[in-house]
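Reading the structure
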Amino acid sequence: MTEVVPVDVLENAAIGIVGTGSLAAVVSLVVASSYRWTTTRAPPAGMSVLTGLSVVAGYLSYTAFVTGAVVATVPLDHQASAGYVLTTFLIAGAVAAAGSRLGDRIARQVSGLPRIDADGEAGTAVRSARLATAVGLPETIEDADGYRSVDPSVRRALAGETVRLPHGLSRTERRDRIERHVEGDYGVGNAAVTIAEDGTVERLVVGDRSSELGSMLPPKTVGMAITADPSPNASLGDPVEIWTTGAQSRLVATGTLRTTSGSVATVVVDVDHVSTLSADERYRLVTRPDEQTDGYEFASTLRTADETVVAMTVDPDGPLAGEFAGWLPGRVLVVDRDDEVLALPADNETLRAGDRLWLLAHPADLSRVDPGPASDTDGERHARVESDVDVRTHLQSQ
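Calculation criteria
- Residues numbered from 1 in each chain as written.
- Predicted model: local features only at pLDDT ≥ 70, side-chain atom pairs only at ≥ 80, totals over all residues.
- Heavy atoms only, no water.
- Helix = DSSP H or I, 4+ residues; strand = E, 2+ residues; numbered from the N terminus.
- Axes fitted to C-alpha atoms, helices over the stretch in contact; angles between N-to-C directions.
- Parallel < 35°, antiparallel > 145°, perpendicular 65-115°, else oblique.
- Left-handed = near helix turned anticlockwise from the far one by under 90°.
- Nonpolar A, V, L, I, M, F, W, Y, C, P; charged D, E, K, R; others polar.
- Salt bridge = Lys/Arg side-chain N within 4 Å of Asp/Glu carboxyl O.
- Buried < 20%, exposed > 50% of the residue type's maximum accessible area, 1.4 Å probe, protein only.
- Contact = heavy atoms within 4.5 Å.
- Phe/Tyr/Trp six-rings, centres within 6.5 Å; stacked < 30°, edge-to-face > 60°.
- Lys NZ or Arg CZ within 6 Å of the ring centre and 35° of its normal.
- Core = buried A, V, L, I, M, F, W, Y, C linked by side-chain atoms within 4.5 Å.
- Pairing = 2+ DSSP bridges.

Per an unreviewed UniProt entry, the chain carries the name RCK C-terminal domain-containing protein and comes from Natronoglomus mannanivorans.

Okay, here's the thing in structure tokens:
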């Protein structure tokens, strides 16, 4: 049966709650007004409220230590004491927040310190004094060639956003700051900004880097982690044979070594071999006598670099026809010309109409040869992203 709390105890509890709430409000008001008066700045969020609650907590702790109760003669382990403490802190926190705002306002009124709105006339005056510059991003955010498309919500958030930068930055510094802002605050893998002569942003290209192993897998293959004893001569990208261990060793599957970590090896095998491999069994990897290649290592390094690989077709009326391969930004990896494939062509190799070339470059440099959809005369872009596996295939064939 619930014990009824006497009326006099309720009266003492109400008086205590009002008193401690008033104490928190006064302390918060004094702290906020003193901070504004001393520094002419707004007090940090929650500082004065926390100070007021700390005083209330100290008072309740002192009362409990001296009298053995927080309200009248109610024991500390009684549910009424818990309710009293909880109610006291809730009300004290509310009135302390009001006291903080009131104290800050009183200090501003007495000292004559107006509150400056960052987007008001005062903020405009500060910016016109050459202390800050507002730069607007384009309304259309483009996808970077060679990268995964960013989430549509990110492009919507970036479209038309205003970025405030220090005055006096050069075009390069302004570009770098905006790119770091987009990559850091919006979680974009790569951002490339084109700055006009007047300092405005003409073009913003964004993209996400490929992650995990899936982007490196050829069609109809999977990556599996197995317990194995890898060959000491095996390295990334080497073709391997997967054998069982024991007295009667047998060949289970063939694949490609992706990576190793201790006794765990990640191999790329055909989908049909997945059911023949077990996670509970230990295997032995044997390097197959195929020609070694650095294609896998190149593709793995490319995944973590800022540069990307795009495939471009030289249009007869385009700007690339008749240009030297060495004049293009970045590095031309492969030129596919009729039945001839040129790997890493010389810088003086002349590009011909119909050539299909693979170009390794940074997205910002690619904009020099790919001006974007707005400038295409036929409404189609000539650059199309190819997978790392296709590039690796062309390099391996040489």
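Having seen the model, we can carry on.
At leucine 344, a residue that is not glycine, the phi angle is positive and equals roughly 50°. Tracing the sequence through the fold places leucine 344 in the loop between strand 13 (340-343) and strand 14 (356-361).

With that out of the way, let us pick up the packing of helix 1 (residues 7-39) against helix 3 (residues 79-111). Running from amino to carboxyl end, helix 1 crosses helix 3 at an angle of 30°, the nearest separation of the two axes being 6 Å. In terms of orientation, helix 1 lies roughly parallel with respect to helix 3. Note that helix 1 runs across helix 3; the crossing there is right-handed. For the contact of helix 1 with helix 3, a count of residues per class yields 16 nonpolar, 11 polar and three charged.

Considering the arrangement of structural elements, one finds alanine 279 in the loop between strand 9 (264-270) and strand 10 (282-287). Residues alanine 279 and threonine 227, spaced 52 residues apart in sequence, show a C-alpha to C-alpha distance of 7.0 Å.

Take the pattern of salt bridges next. This structure, assessed with the given rule, holds eight salt bridges. For glutamate 142, the salt bridge goes to arginine 203, with nearest N and O atoms at 2.9 Å. One end of the pair, glutamate 142, is in strand 2 (residues 142-143); the other, arginine 203, is in strand 5 (residues 201-207), and 61 residues separate them in sequence. On the accessibility criterion, glutamate 142 (19% relative accessible area) is buried. Several salt bridges converge on common partners, so that one network encompasses Arg36, Asp104 and Arg108.

For the rest of this paragraph, the subject is the side chain of serine 100. Turning to its location among the elements, serine 100 is positioned in helix 3. Here serine 100 falls in the buried class, since its relative accessible area comes to 13%. Once residues lying within four places of it in the same chain are set aside, the contact partners of serine 100 are Ser28, Leu29, Ala32, Ser48 and Val49.

This next bit is on the packing of aromatic side chains. Given two aromatic rings, one states the distance between the centres and the angle between the planes to describe the pair. Taken as a whole and judged by the stated rule, the model has one aromatic pair. For the pair phenylalanine 324 and tryptophan 327, a centre-to-centre distance of 5.0 Å together with 80° between the ring planes defines the contact as edge-to-face. Classification of phenylalanine 324 by relative accessible area gives partly exposed; the value is 30%. Taking the relative accessible area as the measure of exposure, tryptophan 327 reaches 60% and is therefore exposed. The ring of tryptophan 358 has arginine 356 lying over it, and the distance from NZ or CZ to the ring centre is 5.7 Å.

Counting 18 residues, the largest nonpolar core has Leu137, Leu158, Ile178, Val182, Val201, Leu204 and Val206 as the members making the most contacts within it. Listing elements by their share of this core, those giving two or more residues are helix 5 (152-158), strand 3 (162-166), helix 6 (171-186), strand 4 (190-195) and strand 5. Beyond its immediate sequence surroundings of up to four residues, leucine 204 is in contact with Leu137, Pro138, Ile141, Glu142, Leu158, Ala191, Ala192 and Val193.

In this section: the sheet that holds strand 4. Read from one edge to the other, the open sheet built from three strands follows the order 2-5-4, with strand pairing classed as mixed. Each edge of the open sheet carries a strand with a single partner, namely strand 2 and strand 4. Note that strand 2 and strand 5 share two bridges and pair parallel. Along strand 5, the bridge assignment pairs aspartate 143 with valine 206. Packing of helix 6 onto the sheet brings it into contact with strand 4 and strand 5, and relative to strand 4 it is tilted by some 150°.

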